[in-house]
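One letter stands for each residue in the lines below.
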Amino acid sequence: MLRPTPAPAPALRSVLAALGSPTAVREARTPALRAASGPLSPELPLPVHVLRISAAAGQTPGTRLVGWRFLIRGGGRAIAAADTMLTPDGWSFSHFFEGPYVAATERALVQAEALPGTYEPRLLSVPELYMLTLWLHADPDGTEPGTESADVLVPLAPAPPGIAANRPYRVADLLPVLSTRLAPPPLLGSAAPA
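Just so it is clear, the structure is predicted and the values come from calculations on it, not from any experiment.

(A) Looking closely at the pattern of salt bridges. Tallied over the full model, the rule gives four salt bridges. Between D83 and R69 there is a salt bridge whose closest N-O contact spans 2.6 Å. One end of the pair, D83, is in strand β3 (residues 77-87); the other, R69, is in strand β2 (residues 62-74), and 14 residues separate them in sequence. One exposure class covers both D83 and R69, and it is buried.

(B) Broad picture of helix α1 (residues 9-19). Taken together, the buried positions of α1 are A11, S14, V15, A18 and L19. Seen end-on, α1 carries its buried residues on one side only, within an arc spanning 135°. Packing partners of the buried residues in α1 comprise α2 (22-27), α3 (31-35), β1 (41-52), β2, β3 and β4 (90-97).

(C) Structural view of the sheet that holds strand β6 (residues 131-137). Taking strand neighbours across the sheet as the criterion, the eight strands line up as β4-β3-β2-β1-β5-β6-β7-β8 in an open arrangement whose pairing is mixed. Two strands in the sheet have a free side with no partner beyond their single neighbour: β4 and β8 (169-170). Together, β1, β2, β3 and β4 form the strand contacts of α1, whose direction differs from that of β4 by roughly 40°.

(D) Region of interest: the packing of aromatic side chains. Evaluated as defined, the whole model comprises one aromatic pair. For the pair F93 and F96, a centre-to-centre distance of 4.7 Å together with 55° between the ring planes defines the contact as tilted. Over the aromatic face of W135 sits the side chain of R122, whose NZ or CZ is 4.6 Å from the ring centroid. It is R167 that lies over the ring of Y169; its NZ or CZ is 4.2 Å from the centre.

(E) Representation of the side chain of E120 within the structure. Tracing the backbone through its elements, the reader meets E120 in strand β5 (residues 120-126). On the accessibility criterion, E120 (11% relative accessible area) is buried. A distance of 2.7 Å separates polar atoms of two side chains, one belonging to E120 and the other to R122. For E120, the residues in contact, after removing those within four places along its chain, are R3, T5, W135, L136 and H137.

Rules used in this analysis
- Residues numbered from 1 in each chain as written.
- Predicted model: local features only at pLDDT ≥ 70, side-chain atom pairs only at ≥ 80, totals over all residues.
- Heavy atoms only, no water.
- Salt bridge = Lys/Arg side-chain N within 4 Å of Asp/Glu carboxyl O.
- Helix = DSSP H or I, 4+ residues; strand = E, 2+ residues; numbered from the N terminus.
- Buried < 20%, exposed > 50% of the residue type's maximum accessible area, 1.4 Å probe, protein only.
- Arc of directions from axis to C-beta.
- Contact = heavy atoms within 4.5 Å.
- Pairing = 2+ DSSP bridges.
- Axes fitted to C-alpha atoms, helices over the stretch in contact; angles between N-to-C directions.
- Phe/Tyr/Trp six-rings, centres within 6.5 Å; stacked < 30°, edge-to-face > 60°.
- Lys NZ or Arg CZ within 6 Å of the ring centre and 35° of its normal.
- Polar contact = N/O pair within 3.5 Å; in protein donor to acceptor, adjacent residues only side chain to side chain.

This is the structure in structure tokens:
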């Protein structure tokens with residue numbers, strides 16, 4: 001079962017204002033959004049976090065909230081998404097987009113509903129790997145996807161090579177893989193780690 005967090009009201013207002021602006025919709029690089037012929041509505045708001053892996057050995061990876069993403073529904077399906085970002089003045093509309101992550105997010109949310117347990121859905125971005133996951137957060141008091149948690153990560157398609165998309169992973173299983181891929185390469189002439 002999913003227990004979504006309500007989006008901040010200013011984030012939702014900024015997306016609604018952008019959807020109501022012919023200029024914002026017309027200038028968006030989203031043909032599906034421009035071609036939509038019915039009412040459009042922002043739904044399924046998800047907080048977007050960025051994963052940071054520390055270069056220091058033994059340090060726990062952390063996350064940082066960078067925005068909110070709304071799936072834009074038109075004609076009974078998600079056709080685009082809208083991102084918001086935190087500015088000095090509060091939450092503001094950033095941009096519209098479409099592509100494979102829109103459908104993959106919707107699919108992962110449907111899949112997550114069938115998992116046992118209660119989760120708070122979030123998105124976790126790993127920019128260095130061009131990777132986005134649905135982060136199913138199990139602990140309402142914790143904020144980090146630590147290896148001790150019951151959190152689940154579902155990589156969205158397209159996922160990096162060697163990581164199966166649409167498959168739920170325990171954080172303890174996927175985080176070490178991501179950490180290894182994000183570790184800086186050894187310097188030339190230095191001994192490889194054992």
